[in-house]
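Here is what each chain is made of, one letter per residue.
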Amino acid sequence: MVQGAEAKMKGSGPEEVKVVVRCRPMNEQETASGHKRVVDMDVDRGVVELRNVKAPDTDPPKTFTFDAVYDWNSKQQELYDETFRPLVESVLCGFNGTIFAYGQTGTGKTYTMEGIRDDPEQRGVIPNSFEHIFNHIARSSNQQYLIRSSYLEIYQEEIRDLLGKDQKKRLELKERPDTGVYVKDLQQFVCKSVNEIQHVMTVGNQNRAVGATNMNLHSSRSHAIFIITIECSDVDLKGKGHIRVGKLNLVDLAGSERQSKTGSVGDRLKEATKINLSLSALGNVISALVDGKSTHIPYRDSKLTRLLQDSLGGNSKTIMVANIGPASYNYDETITTLRYANRAKNIKNKPKINEDPKDAILREYQQELARLKAQLTQRGGKKKKKKKHVEGDTAEGEEEEEDGVDEEGILQQQHELEEERNRILNDQHMIEEEKQRYLTELKDKEAVLISTKEAQEKLLGRIQTMESKLLCGGKNIIDHTNEQQRALQQRTQELMEQKKREREMLQLLEKEEESSCEIASTFSSLQGEVEAKTRKLKKLFAKLQSVKQEMADLHEEFCRDRVDLQHTQDVLTRELKLKALIIENFISPEEKRKILSRAFFDDDEDVWKLRPVVRQTGGTLKRPVSSASRRPTSEYAKMQASVDHNPRYKGENIMVVELDPAVRTTRDWEGPVVAPRVAAALEAALMPLDDDLSIDASLATLNRSQAVRSTRKEKTKGKFKSGLRPPSQVPDSSLYPKSRGLVPK
Ligand code: ADP
Ligand code: MG
């Protein structure tokens, strides 16, 4: 069955992106507040109808047709079997596959992708695909598989590895001509079972929650991508080994609702524009792919579109699930989602199997395993070799047996050594010295034996770990239950296929009915013809009305988008002008020119960068060289400099530093010369008197002579014992002048 399906897929040419719509049930809150359901779904025909409660009743509902639609009663398993299982099956055959969940926050994207993992009924695509993949491997025969998984998140245009040790680290996108765009340093874990891959997802989810302050807000603004890489090796009819690599991207996109940008400036605006940058870029890529005229597809505008370039118009098989809510208050978002999805279904991909890619890890594993096994053979491994050579060259097997140092041999040798030791120890005739020598030799031999054993065990361990990572089908492939399961699945698959075909037929029939108006029909009477034509006219008129309405709606939406963009542009222009102003006024033209010549745009990181400064001369920067003499010097001066020591002729940095004491230009101070007569007079005058005068200097009536006398008294003061003053010296208050009181006016 797989082979047949594969052949069918291999033969298929370009195929369109498959778009399905899923509407969640009304939640309790909506029911409690009495919201009306405005979504109707015809599951058989794949049609969604949306009524606008604000529009007049006469307006026809908006109708969209998709590959499949799933209403509020749909089961997770049903979705998986009908829509996702074929895609995962293709990935197992070596195609790349992508599943997107798109829609407003709270409409069931995470429910569809992940669901409730502990409840088998409510498990989403991701856990169901785990089961599917490992069951497929268990049932395979003559094939080897290697499964790896990674989990990343894009938030505000930054990529974070949800399985990385350092959660603060941001990863970069790189591109290689042979393998395309990839995330550098993204961790990949080899998974050997459903439990292991589930554990990987749990760890990633925990990291996602840890990084967020508000999980709801965070998850509605970030894109989470779970990547499963499946490598499969099998042997073709000619006995040649082939490796096919399929990559499955499971994408839970950010909420598609409009992020309000109004009023935000600076960093806030940057954040607002970045939040949905990836989503709007996704929209632009879809539009460009669909309109058929664009020669340039703006994949590079965002990290998400770059990473999933293959899935949109590339070599991948892609399914988009558009999630919508049923209630009337979500009308605007629902119609936007449906229009978005409607556009996406026209994208054409060219899926192809990735056969024998250069970077297949499985091949590296196989080569490493072969090398290790060869090493083991060299060391011995009689048992294994014997098995291998059962029907082959027995001579070789025997030869190995002789040289072999296999586990049994080692044990035997160890045993022999032990016996030898005992024999030596018990030998009474041997000299003590000789005994010791033999024993040391034995010890050395034993050590060599042990190290050989250890090396062999290590090698075996490595081989076993590597082999355990490569998964093969169950040994008893004809197992009864397995067969039954397989048959059951085939029947389900057939049933689903039939359902799908029926839906396609119905859709085709409807289309033909609409276009068959030109087919001439013969009518029995004029009346009959009038009736039939009126009916047709009415139908066409209704269609015309709905198309007109659609046009008006689209125009309105377009206007809204334009206003938004214009606002963003205004703010950005203002910022640009401010920066230009600063550059014009505060940065010299020379500096500006230098910076401009160094600036370049880094495509990988999407930012402008500066090249490091490079010297024009190429070599290291030289100091400016001074001339031998910095001043023009005459020949005479040069000659004099060599013979004369006068500093005048020396170079300007050379001085003769014999310090000459400077000639003194000041004199010591000499007191005034007093004539001897005057000096004697003064001496006499300054002679101390017997009766001391004690007149306070503060006296207002003091005249000059008194002041002099008082000075004399100060001079003689030291003659009395300190602190003791004769009673006669106590100043008499009568000596003081009377206060004059206030001066009359
Ligand atoms: P989103 O990821 O789009 O923001 P969620 O997946 O978190 O939305 O869904 C929001 C809520 O709606 C969850 O509680 C989820 O269980 C519920 N829900 C969504 N779709 C369905 C559905 N088809 N059936 C039942 N419950 C659903
Ligand atoms: Mg979610």
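In the block above lies the structure referred to throughout.
In this text, all values refer to a predicted model and were calculated from it rather than measured experimentally.

Visitor: Break down the pattern of salt bridges for me, citing the residues and quoting the values.
Guide: For the structure on display, the rule yields 35 salt bridges. Among the ionic pairs, Glu82 bridges to Arg503, the shortest N-O distance being 3.4 Å. Here Glu82 is found in helix 3 (residues 76–92), whereas its partner Arg503 is found in helix 17 (residues 480–515), with 421 residues between them in sequence. Judged on exposure class, the residue Glu82 and its partner Arg503 are both buried. Here Arg593 makes a salt bridge to Glu590, at a shortest N to O gap of 3.1 Å. Linking Arg593 with Glu590, this pair stays in helix 19 (residues 589–598), spanning three residues, or about one helical turn. Each of Lys62, Arg339, Glu550, Asp553 and Glu557 takes part in salt bridges that share partners, so that together they form one network.

Visitor: Describe the site of ligand 1, and please don't skip the residues or the numbers.
Guide: Neighbouring ligand 1 are the residues Arg22, Arg24, Pro25, Gln104, Thr105, Gly106, Thr107, Gly108, Lys109, Thr110 and Tyr111. Backbone polar atom of Gly106 to an oxygen atom of ligand 1: 2.7 Å apart, as the coordinates give it. Contacts to ligand 1 include Lys109, whose backbone N or O atom sits 2.9 Å from an oxygen atom. Ranked by residue count, the leading element in the shell around ligand 1 is helix 4 (residues 109–113), at three residues. Across the shell around ligand 1, the residue classes tally to two nonpolar, six polar and three charged.

Visitor: Please set out the environment of Glu510 residue by residue, giving values where relevant.
Guide: By the element assignment, Glu510 lies in helix 17. Its relative accessible area of 30% is what places Glu510 among the partly exposed residues. Sequence separation of Glu510 and Arg45 is 465 residues, and the distance between their C-alpha atoms is 9.6 Å.

Visitor: Can you break down the sheet that holds strand 4 (residues 47–50) residue by residue, with the values?
Guide: Spatially, the three strands line up as an open sheet ordered 3-4-5, and their pairing is antiparallel. In this open sheet, the two strands that pair with only one neighbour each are strand 3 (39–42) and strand 5 (62–65). Recorded for the sheet is a direction-independent mean angle of 20 degrees between the axes of neighbouring strands. With four bridges connecting them, strand 3 and strand 4 associate as antiparallel partners. Residue Asp40 lies in a different strand from strand 4, and its bridge partner there is Glu49.

Visitor: So what's going on with the side chain of Asp161? Which residues, and what values?
Guide: Looking at the element boundaries, Asp161 is found in strand 9 (residues 158–161). Look at Asp161: it is buried, it has no salt bridge, and the nearest opposite charge is Lys169 at 7.6 Å. A distance of 2.9 Å separates a polar side-chain atom of Asp161 from the backbone nitrogen of Leu163. Once residues within four sequence positions are removed from consideration, Asp161 is found in contact with Tyr151, Gln167, Leu171, Asp185, Leu186 and Gln187.

Visitor: Which residues make up the packing of helix 9 (residues 277–291) against helix 11 (residues 331–344), and what values do they have?
Guide: Taken N-terminus to C-terminus, the directions of helix 9 and helix 11 make an angle of 45 degrees; their axes are 9 Å apart at the nearest point. By the angle between their directions, the pair helix 9 and helix 11 is classed as oblique. For helix 9 against helix 11, the interelement crossing comes out left-handed. Here helix 9 contributes Leu279, Leu282, Gly283, Ile286, Ser287 and Val290 to the contact with helix 11, which in turn contributes Tyr340, Arg343 and Ala344. Classifying every residue of the contact of helix 9 with helix 11 by side-chain character gives six nonpolar, two polar and one charged.

Visitor: Quick rundown of the packing of aromatic side chains? Include the residues and the values.
Guide: Counted under the stated rule, the structure contains six aromatic pairs. Relative to Phe84, the ring of Tyr80 has its centre 6.4 Å away and its plane inclined at 50 degrees; by these criteria the two rings are tilted. With a gap of four residues between them, Tyr80 and Phe84 both fall in helix 3, about one helical turn apart. Their ring planes at 70 degrees and their centres at 5.4 Å tell us that Phe601 and Trp608 sit as a pair that is edge-to-face. Taken together, the ring pairs connect Phe130, Tyr151 and Phe226 into an aromatic cluster.

Conventions used here
- Residues numbered from 1 in each chain as written.
- Chains lettered and ligands numbered in written order.
- Predicted model: local features only at pLDDT ≥ 70, side-chain atom pairs only at ≥ 80, totals over all residues.
- Heavy atoms only, no water.
- Salt bridge = Lys/Arg side-chain N within 4 Å of Asp/Glu carboxyl O.
- Helix = DSSP H or I, 4+ residues; strand = E, 2+ residues; numbered from the N terminus.
- Buried < 20%, exposed > 50% of the residue type's maximum accessible area, 1.4 Å probe, protein only.
- Near = heavy atom within 4 Å.
- Polar contact = N/O pair within 3.5 Å; in protein donor to acceptor, adjacent residues only side chain to side chain.
- Nonpolar A, V, L, I, M, F, W, Y, C, P; charged D, E, K, R; others polar.
- Pairing = 2+ DSSP bridges.
- Axes fitted to C-alpha atoms, helices over the stretch in contact; angles between N-to-C directions.
- Lys, Arg positive; Asp, Glu negative; His and termini not counted.
- Contact = heavy atoms within 4.5 Å.
- Parallel < 35°, antiparallel > 145°, perpendicular 65-115°, else oblique.
- Left-handed = near helix turned anticlockwise from the far one by under 90°.
- Phe/Tyr/Trp six-rings, centres within 6.5 Å; stacked < 30°, edge-to-face > 60°.

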